[in-house]
Amino acid sequence: SQRELCPSSGATKGDIREKVWDYLEACGLAEFPRPVHHRIPNFKGSHQACCSIKELDVFNRASEIKVDPDKPLEGVRLATLQARKTLLVPTPRLRSGLFNKIVPPPGATKETLRICATSQGIKEYSVPVGLDGKARVDLVVVGSVAVSEKGWRIGKGEGYADMEYAMMVSMGAVTEDTPLITIVHDCQVVDIAEELLGDHDLTVDYILTPTRTIKTNCKRPKPRGIIWHKVSYEMLGKIPILKSLRYKEKQAGKDVTLQDEQPDLANANKPAVLNEKAMAGNTRPQASMSSAETGQQYVESDSLSLRLEGSGVITTVYVGNIPPNLRVSELKCALREFHAAPLRVNWQGAQHRAFLDYKDKATAESAVSSLKGLSLGGNTLRVELAKNQRNKG
């Protein structure tokens with residue numbers, strides 16, 4: 001079947017995906033959920049392919065295993081739980097945090113473990129792992145639409161697996177030696193032209209199919225972290241944890257300029273909305289100012305805000321789960337970074353919380369959505385409109 005599915009030269013990633021999806025459906029190899037188009041396809045024999053992971057040394061030696069939530073990987077999730085290993089699953093579309101850890105109830109029966117390995121179990125038996133949850137992943141298992149014997153992989157085209165891996169590198173959860181496995185049907189193993197691969201594309205070390213185990217000996221390096229210039233504002237908005245990682249990497253002096261960000265957006269004559277939208281000045285070269293300048297800028301921004309105070313009903317935002325060692329200056333710095341600088345900060349560090357006053361409800365709600373998922377000092381902050389909104393004017 002591999003020969004029948006051999007992509008023609010000049011085929012794009014999209015062509016290869018369509019060919020694989022069509023073939024699985026046409027040959028009766030597709031399994032629920034169907035149609036398999038635009039998904040990591042589930043296929044006949046996926047459980048068998050998953051079970052062969054138990055024969056791999058890299059699986060037996062691993063204690064923390066990250067497995068994607070796709071249906072064809074259910075058997076790997078089950079094998080991980082049965083072997084009493086820690087199972088980490090990325091949160092769907094990375095909407096909150098990066099991983100959830102699946103925690104079966106004490107004394108779980110075989111049947112309960114089976115449920116824990118399904119999408120229902122991922123919802124019911126999982127606890128989030130924070131950005132600084134010190135996750136150390138020993139093995140990564142991803143789904144694929146197509147893969148070559150050389151270890152080159154094509155996903156469903158949304159870039160989540162590549163992004164998850166890059167984020168794990170950024171967090172220090174994986175190293176370049178962390179093995180990567182994919183589970184596919186034999187017909188999904190096809191030739192892929194190397195020129196189709198980008199430097200953000202994930203490569204795999206092992207391919208498990210219903211009939212064989214392929215060790216790819218892939219020499220092409222895996223992504224070394226997040227390639228910020230390939231990240232768009234839209235992606236940053238959709239994946240809150242990306243904001244935290246970007247903030248952290250910027251603090252460490254890395255260039256975190258985004259794909260759709262030009263330095264000249266910082267020009268003062270541009271409309272303010274554009275500036276805010278584009279987080280301008282966030283990553284332009286002179287952004288590495290001394291802390292004194294940053295502080296001074298903060299004061300300016302505050303005094304400007306105070307002049308606006310009479311213009312609306314002040315709305316307060318509650319920020320909880322503040323780590324004990326965080327200073328108010330660090331919180332203010334993060335608020336500026338995320339374009340959420342308030343009129344006033346009521347800092348209650350001893351109670352691990354702060355209240356932020358904004359000029360009106362719309363500004364407060366925009367701050368809440370900007371700060372959602374932000375992790376500071378190892379804690380993911382809890383950010384929401386304060387319970388009793390009151391006008392402090």
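Residues numbered from 1 in each chain as written. Predicted model: local features only at pLDDT ≥ 70, side-chain atom pairs only at ≥ 80, totals over all residues. Heavy atoms only, no water.

S.K.: Run through the overall build of the protein chain, naming residues and quoting values.
M.R.: A count of helical and extended segments in the protein chain gives 13 helices and 16 strands. Relative to its full complement of 393 residues, the protein chain shows a buried share of 49%. Taking all contacts inside the protein chain whose residues are at least 6 apart in sequence as the whole, residues at least 24 apart take part in 67%. Of the accessible surface of the protein chain, which amounts to about 18,900 Å², a share of 51% is contributed by carbon and sulfur atoms. (Helix = DSSP H or I, 4+ residues; strand = E, 2+ residues; numbered from the N terminus. Buried < 20%, exposed > 50% of the residue type's maximum accessible area, 1.4 Å probe, protein only. Contact = heavy atoms within 4.5 Å. Areas by Shrake-Rupley, 256 points an atom, 1.4 Å probe, with all protein chains shown as cover.)

S.K.: Explain the pattern of salt bridges to me, and be specific about the residues and the numbers.
M.R.: For the coordinates displayed, the defined rule picks out 17 salt bridges. Of the charged contacts in the structure, one is a salt bridge between R61 and D57, with a shortest N-O distance of 3.8 Å. Here the residue R61 and the residue D57 both occupy positions in helix α3 (residues 57-61), the gap between them amounting to 4 residues, near one helical turn. Judged by relative accessible area, D57 falls into the exposed class, the value being 53%. The shortest N-O distance in the salt bridge between D68 and K66 comes to 2.8 Å. Residue K66 is classed as buried on the basis of its relative accessible area of 1%. (Salt bridge = Lys/Arg side-chain N within 4 Å of Asp/Glu carboxyl O.)

S.K.: Explain the sheet that holds strand β1 (residues 64-67) to me, using residue names and the numbers behind them.
M.R.: If you walk across this open sheet you meet the 8 strands as β4-β3-β2-β1-β5-β8-β9-β10, and the pairing is mixed. The two strands at the open ends of the sheet, each matched to only one other strand, are β4 (126-129) and β10 (213-215). Across this sheet, the average inter-strand angle for adjacent strands is 25°, counted without regard to direction. Relative to strand β8 (residues 180-183), strand β5 (residues 139-143) runs parallel, the two being bridged by 4 bridges. Bridge assignment links V140 to a residue of β8, and that residue is L180. Across the sheet, helix α4 (residues 74-82) lies against β1, β2 (86-90), β3 (99-102), β5 and β8, angled at about 150° from β2, the strand it touches most. (Pairing = 2+ DSSP bridges. Axes fitted to C-alpha atoms, helices over the stretch in contact; angles between N-to-C directions.)

S.K.: Can you break down the state of the cysteines residue by residue, with the values?
M.R.: Throughout the structure, instances matching the rule amount to 0 disulfides. Summary of cysteine pairing: C187 is not part of a disulfide, and the nearest cysteine sulfur, belonging to C27, is at 7.2 Å. Here C187 falls in the buried class, since its relative accessible area comes to 0%. (Disulfide = S-S within 2.5 Å.)

S.K.: Got a sec to walk through the nonpolar core? Specific residues and values, please.
M.R.: Core analysis: the largest hydrophobic core is formed by 45 residues, its most contacted members being I53, L139, V141, I181 and I183. The biggest single contributor to this core is helix α1 (residues 13-26), with 5 residues. Leave out the neighbours within four places in its chain, and V141 touches I53, I65, K66, V67, D68, L73, V76, I181 and I183. Formed by 38 residues, the second largest nonpolar core is a distinct cluster that contains F99, L180, V184 and L245. (Core = buried A, V, L, I, M, F, W, Y, C linked by side-chain atoms within 4.5 Å.)

So far we have only geometry, and geometry alone does not tell us how the molecule works.
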